Amino acid sequence: MKQRITGAEALMRSLRHEGVDTLFGYPGGAIMPVYDALYDHRDELNHVLVRHEQGAVHAAQGYARVSGRVGVAVVTSGPGATNTVTGVADAMIDSTPIVVICGQVGAAMLGTDAFQEVDVVGMTQPISKWNYQIRRAEDVAWAVSRAFYIARSGRPGPVVLDFARNAQVGMVDYEPARVDFIRSYVSAPKPDMEAVREAARLINNAVKPFALIGQGVELAGAQTEVRALLEKAQIPAGCTLLGLSALPTDHPLNMGMLGMHGNLGPNVMTNQCDVLIAIGMRFDDRVTGNLQTYARQAKVIHFDIDPSEFNKLVHAHCTVLGDCRQTLSALLPLIEETTHQHWVDGFAPYAEREYNKVISRAIHPTDGPLLMGEVVRAVSEASRHEAILVTDVGQNQMFGARYFQYSKPRSIVTSGGCGTMGFGLPAAIGATFGAPERTVCLFVGDGGLQMTLQELGTIMEQGAPVKIILLNNNYLGNVRQWQAMFWNHRYSFTPMLNPDYELIARAYNIPARTVVERADLQEAIHQMLSTDGPFLLQCAVLEEDNVLPMTPPGANVDEMLLEI
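Residues numbered from 1 in each chain as written. Predicted model: local features only at pLDDT ≥ 70, side-chain atom pairs only at ≥ 80, totals over all residues. Heavy atoms only, no water.

Chemist: Is there a simple way to think about the state of the cysteines in this case?
Modeler: Here is the idea: a disulfide is a covalent bond, and it sits between the sulfur atoms of two cysteines. Here the structure, examined in full by the defined rule, presents zero disulfides. Here Cys 318 stays free of any disulfide, with the sulfur of Cys 324 as its closest cysteine sulfur at 15 Å. Overall, the relative accessible area of 5% leaves Cys 318 in the buried class. The structure places no disulfide on Cys 441, whose sulfur is separated from the nearest cysteine sulfur, that of Cys 539, by 12 Å. Overall, the relative accessible area of 0% leaves Cys 441 in the buried class. (Disulfide = S-S within 2.5 Å. Buried < 20%, exposed > 50% of the residue type's maximum accessible area, 1.4 Å probe, protein only.)

Chemist: Would you take a moment to explain the packing of aromatic side chains for this structure?
Modeler: For any pair of aromatic rings, geometry is given as the distance between the ring centres together with the angle between the planes. Inspection of every chain in the model, using the stated rule, returns 14 aromatic pairs. The interplanar angle of 85° and the centroid separation of 5.9 Å between the aromatic rings of Tyr 149 and Tyr 185 together place this pair among those described as edge-to-face. Within this pair, whereas Tyr 149 is found in helix H7 (residues 140-152), its partner Tyr 185 is found in the loop between strand E8 (171-174) and helix H9 (193-204), the two being separated by 36 residues in sequence. With a centroid separation of 5.6 Å and 75° between ring planes, the pair formed by Tyr 475 and Tyr 491 is classed as edge-to-face. Note that Tyr 475 is positioned in the loop between strand E18 (466-472) and helix H22 (477-486) and Tyr 491 in the loop between H22 and helix H23 (501-507), a separation of 16 residues in sequence. Over the face of the ring belonging to Tyr 475 we find Arg 480, whose NZ or CZ atom lies 5.8 Å from the ring centre. (Phe/Tyr/Trp six-rings, centres within 6.5 Å; stacked < 30°, edge-to-face > 60°. Helix = DSSP H or I, 4+ residues; strand = E, 2+ residues; numbered from the N terminus. Lys NZ or Arg CZ within 6 Å of the ring centre and 35° of its normal.)

Chemist: What am I meant to see in the nonpolar core here?
Modeler: A general feature of soluble globular proteins is that nonpolar side chains tend to end up buried together. With 100 residues, the main nonpolar core has Leu 276, Ile 279, Ile 301, Leu 331 and Phe 443 as its most contacted residues. The greatest single-element share of this core, amounting to six residues, is contributed by H9. When sequence neighbours within four positions are dropped, the list of residues in contact with Leu 276 reads Phe 210, Leu 212, Thr 270, Phe 283, Tyr 294, Ala 295, Ala 298, Lys 299, Val 300 and Ile 301. Of all hydrophobic cores here, the second largest spans 40 residues; its members include Leu 15, Ala 37, Val 144 and Tyr 174. (Core = buried A, V, L, I, M, F, W, Y, C linked by side-chain atoms within 4.5 Å. Contact = heavy atoms within 4.5 Å.)

Chemist: For this particular structure, what's the right way to read the sheet that holds strand E6 (residues 130-134)?
Modeler: Across a sheet, paired strands are connected by hydrogen bonds in the backbone, their directions being either parallel or antiparallel. Pairing in this open sheet of six strands is parallel, and the strands run E3-E2-E4-E5-E7-E6 from one edge to the other. Edge positions in the sheet fall to strand E3 (46-49) and E6, since each of these pairs with one other strand and no more. For this sheet, the mean angle separating the axes of adjacent strands, direction not counted, is 20°. As judged from the five bridges shared by strand E4 (residues 71-75) and strand E5 (residues 98-104), these two strands associate in the parallel manner. Its bridge partner being in E5, Val 74 is matched across the sheet by Ile 101. Sheet strands in contact with helix H1 (residues 7-17) are strand E2 (22-25), E5 and strand E7 (158-164), and its direction is about 155° off that of E7. Docked against the sheet, helix H3 (residues 53-67) engages E2, E4 and E5, running at close to 170° with respect to E4. (Pairing = 2+ DSSP bridges. Axes fitted to C-alpha atoms, helices over the stretch in contact; angles between N-to-C directions.)

Chemist: Please clarify how the pairing of strand E13 (residues 299-304) should be interpreted in this entry.
Modeler: For a regular strand, side-chain orientation follows a simple rule: the groups alternate between the two sheet faces. In terms of residue burial, E13 counts as a mostly covered element, since five of its six residues are buried. Across five bridges, strand E12 (residues 275-279) lies against E13 in parallel orientation. Bridge assignment links Ile 277 to a residue of E13, and that residue is Ile 301.

Chemist: Could you clarify how one ought to interpret the side chain of Thr 391 in this entry?
Modeler: Note on placement: Thr 391 falls in strand E15 (residues 388-391). At a separation of 2.6 Å, a polar atom in the side chain of Thr 391 contacts the side chain of Thr 414. The residues contacting Thr 391, other than those within four sequence positions of it, are Asn 396, Gln 397, Val 413, Thr 414, Phe 423, Gly 424, Leu 442 and Phe 443. (Polar contact = N/O pair within 3.5 Å; in protein donor to acceptor, adjacent residues only side chain to side chain.)

Chemist: So what exactly am I meant to see when it comes to the sheet that holds strand E11 (residues 254-257) here?
Modeler: In space, the six strands of this open sheet follow the order E11-E10-E9-E12-E13-E14, with parallel pairing throughout. Each edge of the open sheet carries a strand with a single partner, namely E11 and strand E14 (318-321). Taking the axes of each pair of neighbouring strands and ignoring which way they run, one obtains an average angle of 15° across the sheet. As paired elements, strand E9 (residues 209-213) and strand E10 (residues 237-239) share three bridges and run parallel to each other. Note on E10: the bridge partner recorded for Leu 212 is Gly 238.

Any link to function would need more than the numbers given here.
In structure tokens, the structure reads:
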């Protein structure tokens, strides 16, 4: 039976109809009717009051990435909406399903430069999967259902709803909507069996096959299918940054991380394999290096749900369009059981060389200041490699990705394509709501932490149990490394004069501890992990540590530097 209610109330009911239980937001004038309606739904919709609108979007991203559900952010118009733009762009390039709901001036005032009016639709159209301006209360249920369907289906991404104030207060005979089909939008095409058979033929005839595992595997929930493929045909694999937890770190066919700061073996062998199998990845420039020399010897098979990724950067000899869980399921019966032991064994010398020259020194130093790598590995081991890794951007991100280890899917949350400093702290907050049963460990640098430092207030209010590991080197570390390598050590505005982070944490009622000496590290980590609720562990690390190996910008993917 229809019931006459306001558009704001219709939004609340539509969100519940979509299964939403958590919102991240910040109120303001143009969204006030929505917040008034939310007051009556506090038992059903848990609203997390962030301290800045950018934090709301990043928290929604963290929630989505670990839960597999759509994250939701609610903000006001004008600066509230513009403050979400970075997060929307970040979610777009990293295929993260979120819905951002922005307040807007009344429809009659649009285009008049009214107080806190901005063109949200025009501003976010290039960086969102879909956006829509709700001008009538009658359109709320349809718009919300369509937004969630688009955000979560196909290649996931952000959707922005610009909610005019008159539509919030207007009355409507509400009934829930369910959008599960859009004529012009094919979310997941059925597998093309001819393409699947061609992929099987190339794989079965391969002598030196190599698989590249991307985040698309996690998004599709295809971890089991990927493992079955690798194990049936004994195919070694490398993982992209966002795909690292799609395959357990200790799986014998997992050869490590791909790309600029990835592992030596996977990068070198990319240019030696005869069949390259890319699954749910987009051949990002940080993975490929110089495209003119990238895997030129290989037949390339590309599995992806987004046809725009095919042949965009790397020519594929076989493209398999569709949800990779479906396409891999169709492929598996066609794959012959075989072994490529000699080829798999060929990765070992590179792994040994990298371990001796880089890894052993990074995680088992014998003297000198603490190193980022040893801190990351120590936290990973203390959490039995079962925690969720969240990182900010910079050296903390690369050391975190390299030396944290993964045993469960959906265990890495980081800003990949956009590289957003300030992402880590709010994303970690969101992750604690998306996976409350898991430990969330945030690795962050002193630069990135200060970009969204105010979200410590959100942690304080919510009691969000984020374990913050601050790798403090008093530098913008990644930029400093590039200045050292390519700009003759001219450290232009990268040294940081830092505040007393431990004192700041305590001001927010967050337990904190600083570690300087190696002998204190293990006990401090134990204290952090055994403390209920949040904790900040500041580690004073070597100021001029460098992330290695490294493929210099523009170099061939197999031209990795092991020392500088």
